[in-house]
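As a plain string of letters, each chain reads:
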Amino acid sequence: MKNIILIGFMGSGKTSAAISLSYRLRRTMVDTDKEIERLHHMTVSEIFERLGEDEFRSMETRCLERLLGRSGGEIISTGGGLPMREENRKLLKRLGTVIYLRVKPETVCTRLEADTSRPLLQGGDKEEKVKRLLETRGPFYESAADFIVDTDEKMTDSIVDEILERAGAAIR
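This structure is a prediction, so every number in the text was calculated from the model and none was measured. (Residues numbered from 1 in each chain as written. Predicted model: local features only at pLDDT ≥ 70, side-chain atom pairs only at ≥ 80, totals over all residues. Heavy atoms only, no water.)

A. Up close: the packing of helix α1 (residues 14-25) against helix α8 (residues 156-167). For the pair α1 and α8, the least separation of the axes is 9 Å and the interaxial angle reads 60 degrees. Along this stretch, α1 crosses α8, giving a crossing that reads as right-handed. Seen from α1, the contacting residues are Ser16, Ala17, Ser20, Leu21, Arg24 and Leu25; seen from α8, they are Thr156, Asp157, Ile159, Val160, Asp161, Ile163 and Leu164. A class-by-class count of the residues in the contact of α1 with α8 yields seven nonpolar, three polar and three charged. (Axes fitted to C-alpha atoms, helices over the stretch in contact; angles between N-to-C directions. Helix = DSSP H or I, 4+ residues; strand = E, 2+ residues; numbered from the N terminus. Left-handed = near helix turned anticlockwise from the far one by under 90°. Contact = heavy atoms within 4.5 Å. Nonpolar A, V, L, I, M, F, W, Y, C, P; charged D, E, K, R; others polar.)

B. View of the environment of Glu65. One can find Glu65 in helix α4 (residues 53-68). For Glu65, a relative accessible area of 43% translates into the label partly exposed. Taking the C-alpha atoms as reference points, Glu65 and Leu91, separated by 26 residues in sequence, lie 7.2 Å from one another. (Buried < 20%, exposed > 50% of the residue type's maximum accessible area, 1.4 Å probe, protein only.)

C. The arrangement of the packing of helix α5 (residues 86-95) against helix α7 (residues 126-144) in detail. Relative orientation of the contacting elements α5 and α7 amounts to 30 degrees, with a least axis distance of 9 Å. As far as their axial angle goes, α7 and α5 are roughly parallel. Viewed along their axes, α5 and α7 form a crossing whose handedness is right-handed. On α7, the residues that touch Arg89, Leu92 and Lys93 of α5 are Phe140, Ser143 and Ala144. For the contact of α5 with α7, a count of residues per class yields three nonpolar, one polar and two charged. (Parallel < 35°, antiparallel > 145°, perpendicular 65-115°, else oblique.)

D. Geometry of the pattern of salt bridges. As enumerated under the stated definition, the model contains 16 salt bridges in all. Among the ionic pairs, Arg102 bridges to Asp150, the shortest N-O distance being 2.6 Å. With Arg102 in strand β4 (residues 96-102) and Asp150 in strand β5 (residues 147-150), this residue pair connects regions lying 48 residues apart in the sequence. Bridged by salt links that share partners, the residues Arg24, Asp157 and Asp161 form one connected network. (Salt bridge = Lys/Arg side-chain N within 4 Å of Asp/Glu carboxyl O.)

E. A look at the nonpolar core. Ile5, Ile7, Phe9, Phe56, Leu64, Leu67 and Leu92 are the most contacted members of the largest nonpolar core, which totals 31 residues. Counting only elements with at least two residues in this core, the list comes to β1 (3-7), α3 (44-51), α4, α5, β4, α6 (105-111) and α7. Apart from residues lying up to four places away in sequence, Phe9 is in contact with Lys14, Leu101, Val103, Val108, Val130, Leu133, Leu134, Arg137 and Tyr141. Counting 14 residues, the second largest nonpolar core, distinct from the first, contains Ala17, Ala18, Leu21 and Ile75. (Core = buried A, V, L, I, M, F, W, Y, C linked by side-chain atoms within 4.5 Å.)

F. Spatial organisation of the packing of aromatic side chains. Summed over the entire model, instances satisfying the criterion amount to two aromatic pairs. Ring geometry for Phe48 against Phe56: centres 5.3 Å apart, planes inclined by 45 degrees, an arrangement best described as tilted. Judged on exposure class, the residue Phe48 and its partner Phe56 are both buried. (Phe/Tyr/Trp six-rings, centres within 6.5 Å; stacked < 30°, edge-to-face > 60°.)

G. Just the side chain of Glu74, in detail. The residue Glu74 is located in the loop between α4 and β3 (75-77) in this model. Judged by relative accessible area, which is 9%, Glu74 ranks as buried. Apart from residues lying up to four places away in sequence, Glu74 is in contact with Asn3, Ile4, Thr28, Val30 and Leu67.

Following this line, the structure appears as structure tokens:
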């Protein structure tokens, strides 16, 4: 069975969709950020603060490499910056069907309004940071994805329905 991998910007609905997919398909769900936190006994914010973003990005690559060694059939939710590295995009393609959950900056700001746990959004104009990061990351997400699902103004069930409809045989 192929893995289903969800990529996209923070606040795009990756975690919620992955949990729902996991229940519907009766498959294990893996969140790469949570795996890294578990292995290193630190939150993502602590890793950024203590070790820096570059080290965190290396941890993401190692996490994908470990996932390749597993039997497959999992639902994998990735961190928003994971697809930025070329080696990670290649690993994602090898891991399974990659779905980009695309979201508009305004939606991200609304969804993450009260969230203070995102290291890359701390300090300054949050909306401007989101726009800039989305502009930079969008092409990388698109190049890594097998297909795109827009998540603005959609509930999780609608997003999951679309993923299952569009992925079809590719995820079996």
